[in-house]
Amino acid sequence: MAVGPLSPVDRATLAYVAVATGFDLARGPRGGLAGALPPLGLLLVGLVASVLAPRARRAGALGRFLAEFYPLVLVVALYTHVGLVNAAGGVSHDALVQGWEQALFGGQPSLGWIRAFPSPAWSTLMHAAYLSYYLVLAGAPLGLWLGGRRDAARGTLFLVTSTFYACYTISFLFPVAGPRYLFPPAANAATSVPLAAFVRRLLERGSAWGTAFPSSHVAAALVAAACAWRGHRPLGRALLPLAILLSLSTVYGQFHYAVDALAGAALATAALIADRRAGYDSPPQ
């Protein structure tokens, strides 16, 4: 039975699955459960994108919603996969990135900022902004969808998802572990606030090794917030400041090198320009 045409987000997902499968076969974990699960997971993602999502779009309102929003769930699992493959490869380019950092800033901002300015209030703001990542990612397309701006929501989901896939592909090609792995953790008033401790525990359980450059947190959050801004200005006013603060928080909290954040912002800018030139135009309301 025909399953219906693939949407742009389906095609982007299938293209990324092909890329990720290639890297997994070339240098992913081998043997046992750790080696078997990633290829099976990629096969499942491909099945969702090529068969289940196109069918769901013809199955009523709930089906259409799930068929458009499924990539926001999948990118989390795919992020973990990048970490597994890069950890199995065991190569990182942190020394090179630290050299760029030194040349650009005369030091290591991700190491020095939280130590030079150990403000509990600022730290709380920064870690709250870091956690707002999930709100920005989901809030932009969901706010547009629930507000009846379905085309803008679909465009946002496609662009955010494509940005994730671009970040993940670069991380395969250029693994960077990040300052959280390379530098000793700070121990001062800034790191003792409850939100800082919570974020630290969250990352200990869910971060992926070798995915620091470019920062997908920065890139995807900025893209989502910018899409919200041009799709529905009040929503953008709420989300864009969060995305900007989040970008700063990745460096202050020693989660990313400043170069990672700059690369993420550059990638977001490129994605938004390319999307605009491709004809996306959702007038603000």
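Our subject in this report is the structure included herewith. (Residues numbered from 1 in each chain as written. Predicted model: local features only at pLDDT ≥ 70, side-chain atom pairs only at ≥ 80, totals over all residues. Heavy atoms only, no water.)

## Describing the overall build of the protein chain
Consideration 1: Helices and strands together make up the secondary structure of the protein chain, namely 13 helices and zero strands.
Consideration 2: Ordered by position from N to C terminus, the α and β elements of the protein chain give α-α-α-α-α-α-α-α-α-α-α-α-α.
Consideration 3: Here the C-alpha radius of gyration of the protein chain, 19 Å, is about what a compact globule of 285 residues would show, namely 19 Å.
Consideration 4: Summarising its shape, the C-alpha atoms of the protein chain cover approximately 60 × 50 × 35 Å along the three principal directions.
Consideration 5: Relative to its full complement of 285 residues, the protein chain shows a buried share of 50%.
Consideration 6: Approximately 12,600 Å² of the protein chain is accessible, and the part contributed by carbon and sulfur atoms is 71%.
Consideration 7: Counting 20 positive and 10 negative side-chain charges, the protein chain places the centres of these two groups 6 Å from one another. (Helix = DSSP H or I, 4+ residues; strand = E, 2+ residues; numbered from the N terminus. Rg over C-alpha atoms; globule rule 2.2 N^0.38 Å. Buried < 20%, exposed > 50% of the residue type's maximum accessible area, 1.4 Å probe, protein only. Areas by Shrake-Rupley, 256 points an atom, 1.4 Å probe, with all protein chains shown as cover. Lys, Arg positive; Asp, Glu negative; His and termini not counted. Charge placed at Lys NZ, Arg CZ, Asp CG, Glu CD.)

## Overview of the packing of helix α11 (residues 216–231) against helix α12 (residues 233–252)
Consideration 1: Orientation of α11 relative to α12, taken along the N-to-C sense of each, is 165 degrees, at an axis distance of 7 Å. As the angle between them shows, α11 and α12 are arranged roughly antiparallel. For the pair α11 and α12, the sense of crossing is left-handed. Each of His217, Val218, Ala221, Leu222, Ala225, Ala226, Ala228, Trp229 and Gly231 in α11 lies in contact with α12, whose residues at this interface are Arg233, Leu235, Gly236, Arg237, Leu239, Leu240, Ala243, Ile244, Leu246, Ser247 and Thr250.
Consideration 2: Here the residues of the contact of α11 with α12 sort into 13 nonpolar, five polar and two charged. (Axes fitted to C-alpha atoms, helices over the stretch in contact; angles between N-to-C directions. Parallel < 35°, antiparallel > 145°, perpendicular 65-115°, else oblique. Left-handed = near helix turned anticlockwise from the far one by under 90°. Contact = heavy atoms within 4.5 Å. Nonpolar A, V, L, I, M, F, W, Y, C, P; charged D, E, K, R; others polar.)

## Some thoughts on the side chain of threonine 211
Consideration 1: Tracing the backbone shows threonine 211 in the loop between α10 (194–206) and α11.
Consideration 2: Judged by its relative accessible area of 7%, threonine 211 is buried.
Consideration 3: Here the side chain of threonine 211 touches alanine 208 through a polar contact of 2.7 Å, landing on its backbone oxygen. (Polar contact = N/O pair within 3.5 Å; in protein donor to acceptor, adjacent residues only side chain to side chain.)

## Points about the pattern of salt bridges
Consideration 1: On inspection of all chains with the given rule, the structure shows five salt bridges.
Consideration 2: Here aspartate 10 ties to arginine 57 by a salt bridge, and the two come within 2.7 Å at their closest N and O atoms. You can see aspartate 10 sitting in helix α1 (residues 8–27) and its partner arginine 57 sitting in the loop between α2 (32–56) and α3 (61–89), a full 47 residues away along the chain. (Salt bridge = Lys/Arg side-chain N within 4 Å of Asp/Glu carboxyl O.)

## Details of the nonpolar core
Consideration 1: Membership of the largest hydrophobic core comes to 60 residues, with the highest contact counts inside it found for Tyr16, Leu78, Val160, Phe164, Tyr168 and Val223.
Consideration 2: Only α1, α2, α3, α7 (133–146), α8 (150–173), α11, α12 and α13 (258–277) provide two or more residues apiece to this core.
Consideration 3: With eleven residues, α11 is the single largest residue contributor to this core.
Consideration 4: Aside from chain neighbours lying at most four places away, what touches leucine 78 is Tyr16, Leu42, Val45, Tyr165 and Tyr168. (Core = buried A, V, L, I, M, F, W, Y, C linked by side-chain atoms within 4.5 Å.)

## With respect to the state of the cysteines
Consideration 1: The full count for this structure, using the stated rule, is zero disulfides.
Consideration 2: Cysteine cysteine 167 shares no disulfide, and the gap to the nearest cysteine sulfur, in cysteine 227, comes to 14 Å.
Consideration 3: A residue is classified by how much of its surface remains accessible, and cysteine 167, at 1% relative accessible area, is buried.
Consideration 4: Cysteine 227 gets classed as buried once you look at its relative accessible area, which sits at 0%. (Disulfide = S-S within 2.5 Å.)

## Side note on α13
Residue pairs three or four apart in sequence face the same way in an α-helix, which turns once every 3.6 residues.
Consideration 1: Between its first and last C-alpha, α13 extends 29 Å over 20 residues, near the 28 Å set by a 1.5 Å rise per residue.
Consideration 2: Among all positions of α13, only Ala258, Val259, Asp260, Ala261, Ala263, Gly264, Leu267, Ala268, Ala271, Leu272 and Asp275 are buried.
Consideration 3: Close packing links the buried residues of α13 with α4 (94–105), α5 (109–116), α8, α9 (179–182), α11 and α12. (Expected span 1.5 Å × (residues − 1).)

## Side note on the packing of aromatic side chains
Consideration 1: Under the criterion given, the structure shown has 18 aromatic pairs.
Consideration 2: When the centroid spacing of 5.2 Å and the interplanar angle of 70 degrees are considered together, the rings of tyrosine 133 and tyrosine 134 count as edge-to-face.
Consideration 3: Tyrosine 133 sits in the buried class, given a relative accessible area of 8%.
Consideration 4: Site record: aromatic cluster; members linked through ring pairs are Tyr16, Tyr79, Phe164, Tyr165 and Tyr168.
Consideration 5: Sitting over the ring of tyrosine 181, arginine 180 keeps its end group 4.8 Å from the ring centre. (Phe/Tyr/Trp six-rings, centres within 6.5 Å; stacked < 30°, edge-to-face > 60°. Lys NZ or Arg CZ within 6 Å of the ring centre and 35° of its normal.)

## Concerning a nonpolar patch on the surface
Consideration 1: A surface patch of nonpolar side chains, about 270 Å² in accessible area, is lined by Leu44, Leu47 and Leu52.
Consideration 2: Counting through the fold element by element, leucine 44 comes out in helix α2. (Patch = residues over 30% accessible without salt bridge, like charges linked within 9 Å, V, L, I, M, F, W, Y side chains within 5 Å.)

## Digging into the packing of α3 against α7
Consideration 1: Following both chains from N to C, one finds α3 and α7 inclined at 160 degrees, their axes separated by 11 Å at the closest point. Here α3 lies roughly antiparallel to α7, going by the angle between them. The way α3 lies across α7 gives a crossing that is right-handed. Facing Arg64, Phe65, Glu68, Phe69 and Leu72 of α3, the residues of α7 in contact are Leu137, Ala138, Pro141, Leu142 and Trp145.
Consideration 2: A class-by-class count of the residues in the contact of α3 with α7 yields eight nonpolar, no polar and two charged.

## Remarks on the side chain of serine 216
Consideration 1: Within the element layout of this structure, serine 216 appears in helix α11.
Consideration 2: Beyond its immediate sequence surroundings of up to four residues, serine 216 is in contact with Tyr133, Phe164, Cys167, Tyr168 and Ala221.

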